[in-house]
Amino acid sequence: MRWILYILVFLILLFLAGYLFPREVSLERSVYIDRPPQDVFPYVNNYRKFNSWSPWRHIDPAMEYQYSGPETGVGATMSWRGENSNEGGGTQTITASTPNSIVLNKLNFGDGSEATAEFKLLPKNGGTQVVWSFNTDTGGGPRERWMGLAIKKMVGESYEQGLAKLKQLMESSAKTEGAKEGGNSDTSNSVSDIPSDVDDAMGGGPQGVQSEMQNQQQEEAGETPENEDQKEQQKENQP
């Protein structure tokens, strides 16, 4: 019976230890993207573009998304729901938007809990330092505070994955655009690019043309090599 008492004491202490943790969960993750803020901003200010790199987009292929309100900026809303998904359902709405700088989101989850998420775009070395932050109040109970630790770990990992996808998306598109622009340059050969030996292959060049013309003139005057030999023999036979 004593070991049962020890287990009960341990569980009580574990439960009370929850009060040692803060009820508020706050975290942020960041990544540098080699694109200016004006290029990155549309991907955090538009939920349709957000879903092109969201770390949660492909967790559940059956997840349904709906969009309402304006397409971008304050009032834009996205809701999600999955019938057989651990992600549950919820909505998020853009509540503040400063062009090329800040986007603030309010999240409401299916269990009634709420959170805020913020994007900050900081110009840096010609690119953008993207800072993605999260904040929620887990409540006053020790169980909720224990849950806050798990939430912080899961959300932090998801933010890191999402920012990595955003970086890859933005920088790979920049390379593709650069390749297309480079492909439009004029690569045709000018006359000066033609190798000197091409003329020889096409008929011996100017010298070959001149020698051919001389041969034609000699033939017309009857001064072919064979006629010259006959003239020499006739001179030798004369007394």
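Residues numbered from 1 in each chain as written. Predicted model: local features only at pLDDT ≥ 70, side-chain atom pairs only at ≥ 80, totals over all residues. Heavy atoms only, no water.

Caption draft 1: Region of interest: the side chain of serine 133. Locating serine 133 in the fold gives a position in strand 7 (residues 127-137). Judged by relative accessible area, which is 18%, serine 133 ranks as buried. (Helix = DSSP H or I, 4+ residues; strand = E, 2+ residues; numbered from the N terminus. Buried < 20%, exposed > 50% of the residue type's maximum accessible area, 1.4 Å probe, protein only.)

Caption draft 2: Quick look at the nonpolar core. Trp53, Phe119, Val130 and Trp132 are the most contacted members of the largest nonpolar core, which totals 27 residues. Those elements that provide at least two residues to this core are strand 1 (24-33), helix 3 (47-50), strand 5 (102-109), strand 6 (114-124), strand 7 and helix 4 (142-182). A per-element tally of this core places helix 4 first, with five residues. (Core = buried A, V, L, I, M, F, W, Y, C linked by side-chain atoms within 4.5 Å.)

Caption draft 3: Geometry of the confidence of the model for the protein chain. Taken over all residues, the pLDDT of the protein chain has a mean of 75, while the share at 70 or more is 62%. Low pLDDT (under 50) marks residues 185-214, which in the prediction has five contacts with non-local residues, meaning those over four places away or in another chain. (pLDDT = per-residue confidence, 0-100. Contact = heavy atoms within 4.5 Å.)

Caption draft 4: Examining the pattern of salt bridges more closely. Evaluation of the coordinates by the stated rule reveals four salt bridges. We note a salt bridge from aspartate 39 to arginine 35, for which the minimum N-O separation is 3.1 Å. Residue aspartate 39 is classed as partly exposed on the basis of its relative accessible area, which comes to 27%. Lysine 153 is the partner of glutamate 157 in a salt bridge, and the nearest nitrogen-oxygen pair spans 2.7 Å. Here glutamate 157 pairs with lysine 153, and both are found in helix 4, just four residues apart, close to one helical turn. (Salt bridge = Lys/Arg side-chain N within 4 Å of Asp/Glu carboxyl O.)

Caption draft 5: Quick look at the pairing of strand 5. Alignment of strand 4 (residues 89-98) against strand 5, held across eight bridges, turns out to be antiparallel. Bridged to threonine 91 within strand 5 is asparagine 108. Taking the residues that link successive antiparallel strands as the turn, the strand 4-strand 5 hairpin has three residues, and the phi of asparagine 100 there is positive, at about 60°. With seven bridges joining them, strand 5 and strand 6 adopt antiparallel strand pairing. Pairing of asparagine 105 across the sheet is with alanine 117, part of strand 6. (Pairing = 2+ DSSP bridges.)

Caption draft 6: Expanded view of the sheet that holds strand 7. Pairing in this open sheet of seven strands is antiparallel, and the strands run 1-7-6-5-4-3-2 from one edge to the other. Where the open sheet ends on each side, the last strands, each with one partner, are strand 1 and strand 2 (64-68). Each neighbouring strand pair of the sheet contributes to a mean axis angle of 20°, computed without reference to strand direction. As paired elements, strand 1 and strand 7 share 10 bridges and run antiparallel to each other. Within the sheet, the bridge partner assigned to arginine 29 lies in strand 7 and is tryptophan 132. (Axes fitted to C-alpha atoms, helices over the stretch in contact; angles between N-to-C directions.)

Caption draft 7: Structural detail: the packing of aromatic side chains. Overall, the coordinates contain 10 aromatic pairs when judged by the stated rule. Measuring from centroid to centroid gives 6.4 Å for tyrosine 47 and phenylalanine 50, while their planes differ by 80°, and the two rings are edge-to-face. Of this pair, tyrosine 47 and phenylalanine 50 both sit in helix 3, three residues apart, which is roughly one turn of the helix. Summarising the burial analysis for this pair, tyrosine 47 and phenylalanine 50 share the class buried. Between phenylalanine 134 and tyrosine 159 the ring centres are 6.3 Å apart and the planes differ by 90°, which places this aromatic pair in the edge-to-face class. With phenylalanine 134 in strand 7 and tyrosine 159 in helix 4, the pair connects residues that are 25 residues apart, well separated along the chain. In this structure, phenylalanine 134 and tyrosine 159 share a single accessibility class: buried. An aromatic cluster is present here, built from Tyr47, Phe50, Trp53, Trp56, Phe119, Trp132, Phe134 and Tyr159 joined pairwise through their rings. Lysine 49 extends its terminal NZ or CZ atom over the ring of tyrosine 43, reaching a point 4.9 Å from the ring centre. (Phe/Tyr/Trp six-rings, centres within 6.5 Å; stacked < 30°, edge-to-face > 60°. Lys NZ or Arg CZ within 6 Å of the ring centre and 35° of its normal.)

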